[in-house]
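# Topology and contacts: notes
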Amino acid sequence: MFNLYWADESGLPAGDRGVAYGDGLFETIRMHGDRGVLLSRHLARMGRDAGRLGIPVALTDLRKACTAAVSRYADRFANKENDCGWVLKLTLTRGEGGRGYQPGSGIRPNLLVSASPMAAAPFTSGVAADVSRVPLTVNPLLAGIKSLNRLEQVMAAREITGELFEVVMSDSAGNLVEGTRTNLLLRVPGAWVTPPAKSLAVAGILRQWMLEKLRAKGEVVEERAVSLGDVLGPHCEGFYLLNSVIGVVPVRRFAGQDLPADDGLATIFNPLDLLE
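Residues numbered from 1 in each chain as written. Predicted model: local features only at pLDDT ≥ 70, side-chain atom pairs only at ≥ 80, totals over all residues. Heavy atoms only, no water.

## Quick word on the layout of surface pockets
How we decide: A cavity here means a set of 1 Å grid points, computed over protein atoms only, where a 1.4 Å probe fits but cannot escape. A pocket is an open set with protein on both sides within 12 Å along at least 5 of 7 lines, and lining residues have an atom within 4 Å of a point. Grid points are joined across faces, edges and corners, and a volume is the space filled by probe spheres set on the points. Every helix listed is a DSSP run of H or I at least four residues long, and every strand listed is a run of E at least two residues long, numbered separately from the N terminus. Asp, Glu, Lys and Arg are counted as charged, while Ala, Val, Leu, Ile, Met, Phe, Trp, Tyr, Cys and Pro are counted as nonpolar; the rest, among them Gly, fall into the polar class.
Reported here for the largest pocket is a volume of approximately 840 Å³. What lines the largest pocket is a set of 38 residues, among which T28, R181, N243, V245 and I246 lie closest to the centre. Listed by contribution, the elements that provide at least two residues to the lining of the largest pocket are β2 (24-32), α2 (39-53), β4 (86-93), β6 (127-131), α4 (151-157), β8 (176-179), α5 (205-216) and β12 (238-243). The greatest single-element share of the lining of the largest pocket, amounting to 3 residues, is contributed by α5. Its residues placed into classes, the lining of the largest pocket shows 18 nonpolar, 11 polar and 9 charged. Here the second largest pocket is characterised by a volume of approximately 330 Å³. In terms of lining residues, the second largest pocket is bounded by 20 residues, among which A121, T124, I246, G247 and V248 are the most central.

## What to know about the nonpolar core
A general tendency of soluble globular proteins is for nonpolar side chains to be buried together. Stated precisely, the cut-off is as follows: For our purposes a nonpolar core is just a set of buried Ala, Val, Leu, Ile, Met, Phe, Trp, Tyr and Cys residues, chained together by side-chain atoms within 4.5 Å. When a residue's accessible area, from a 1.4 Å probe over protein chains only, is under 20% of the maximum for its type it is buried; when over 50% it is exposed; and in between it is partly exposed. Any two residues whose heavy atoms approach within 4.5 Å are treated as being in contact.
Grouped together as the largest cluster of nonpolar side chains are 26 residues, with contacts concentrated most on W86, L88, L90, L111 and V113. Within the residue set of this core, elements represented by two or more residues are β2, α2, α3 (59-73), β4 and β5 (110-117). With 6 residues, α3 is the largest single contributor of residues to this core. If sequence neighbours within four positions are ignored, L90 has contacts with L25, F26, E27, I29, L43, M46, C66, L111, L112 and V113.

## With respect to the side chain of T194
Stated precisely, the cut-off is as follows: Polar contact is the term for a pair of N or O atoms within 3.5 Å; when the atoms are in protein, one must be able to donate a hydrogen and the other to accept it, and sequence-neighboring residues count only if both atoms are side-chain atoms.
Within the fold, T194 resides in strand β10 (residues 191-194). At 2.6 Å, the side chain of T194 and the backbone oxygen of L184 are in polar contact. In this structure T194 touches L184, L185, R207, L211, E222, E223, R224 and V226, once residues within four positions along its chain are discounted.

## Some points on the pattern of salt bridges
Filter applied, for reference: Salt-bridge detection follows one rule: a side-chain nitrogen of Lys or Arg within 4 Å of a carboxyl oxygen of Asp or Glu.
With the rule as written, the count across this model stands at 18 salt bridges. Taking the shortest distance from any N to any O, the salt bridge between R215 and E223 comes out at 3.3 Å. A residue is classified by how much of its surface remains accessible, and R215, at 38% relative accessible area, is partly exposed. Given a relative accessible area of 36%, E223 falls into the partly exposed group. Among the ionic pairs, R224 bridges to D230, the shortest N-O distance being 3.3 Å. Because the salt bridges share partners, they merge into one network encompassing D8, E9, R72 and R76.

## Some words on the environment of L259
Relative to the assigned elements, L259 resides in the segment after β14 (257-258). Separated by 223 residues in sequence, L259 and G36 have C-alpha atoms that sit 33 Å apart. If we skip the residues at most four places from it in the chain, L259 touches V231, L232, C236, F239, V251, R252, R253 and F254.

## Digging into the sheet that holds strand β3 (residues 35-36)
As a reminder, the rule being used: Whether two strands pair depends on DSSP finding at least two bridges between them. In this analysis, axes come from line fits to C-alpha atoms, helices being fitted only over the stretch in contact, and the angle between any two N-to-C directions falls in the range 0 to 180 degrees.
Pairing in this open sheet of 5 strands is mixed, and the strands run β1-β5-β4-β2-β3 from one edge to the other. The sheet is open, and its two edges are formed by β1 (3-6) and β3, each paired on a single side. Strand direction decides the pairing type here: β1 and β5, joined by 4 bridges, are parallel. Bridge pairing in β5 places W6 opposite V113. Relative to β2, α2 is tilted by about 175°, and along the sheet it contacts β2, β3 and β4.

## Describing α2
To be explicit about the condition: Take the residue count of a helix, subtract one, and multiply by 1.5 Å to get its expected span. Each C-beta atom gives one direction from the helix axis, and the arc is the one those directions make.
Between the first and last C-alpha of α2 there are 21 Å, a value that for 15 residues agrees with the 21 Å anticipated at 1.5 Å per step. Looking only at α2, the buried set comprises L39, H42, L43, R45, M46, D49, A50 and L53. In a view along the axis of α2, the buried residues occupy a sector of 155°, so they form one face of it. In the core, the buried residues of α2 are packed alongside β2, β3, α3, β4 and α5. Positive phi shows up at G54, right after α2, with a value of about 80°.

## Overview of the packing of α2 against α3
For clarity, the threshold we go by: Oblique is the label for every angle not falling under 35 degrees (roughly parallel), over 145 degrees (roughly antiparallel), or within 65 to 115 degrees (roughly perpendicular). Take the far helix as the reference: if the near one is turned anticlockwise from it by less than a right angle, the crossing is left-handed, and if turned clockwise, right-handed.
Axis separation between α2 and α3 bottoms out at 10 Å; the angle between their running directions is 130°. For the element pair α2 / α3, the angle class is oblique. α3 is crossed by α2, and the crossing has right-handed handedness. Residues L39, S40, L43, A44, M46 and G47 of α2 form the contact with α3, whose own contacting residues are L59, L62, R63 and C66. In the contact of α2 with α3, the residues fall into 7 nonpolar, 2 polar and 1 charged.

Written as structure tokens, this is what we have:
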């Protein structure tokens, strides 16, 4: 069991290891009323990745926290003009205790729960993106975990100015890996291509759902390195940014070059069909 904190009442304790060292992880879940988009997958990932970090948490307790959050927050976002839902954020830390990096014994995890309105949806006609100057380094031990250690993404996000919706980060070999808040999906003749999960700082919920959906439809999906040339070259038929809160976003202009863009892929992901 964990200690439950509500963000609109108080923050985490000053000695919390998530605050001090980024010792924890988080989930952001798109909500509509009392249900969430791909909710079970979000909670399963938090439980699974908490286990990888050695933070004990039960899936049943996470579900109870979500139920309490719905009772507390859902009505605040109901009946709004052009309502597109709200966002539930769960921040799980190892808790409070231990001097320095080494955790103390018998620490009880902390869960901070917060809510915010959904941001306006991006243009379905496509967005502009660019390549970040901030390289992305992925520790194999932490690959894919949505941990609280996001300084590289914070530094890269400072480059998002003007018309840019996102910047895409590259690995040490120059391959495109992921955006500051999105995963990547590229359409080429006869196949869909996405960077492999082991190369990702965050293996997104929508990314995995989309790969499963495409394969179920008989589409060819390749998980391999994606170069800048793959996106800007003549074989690119579409380049998409994936995020379970904002959905599927086509890129119409990347690194100063126009790309073919349509919102056809977005029709596969209808968040209202995936509420739990």
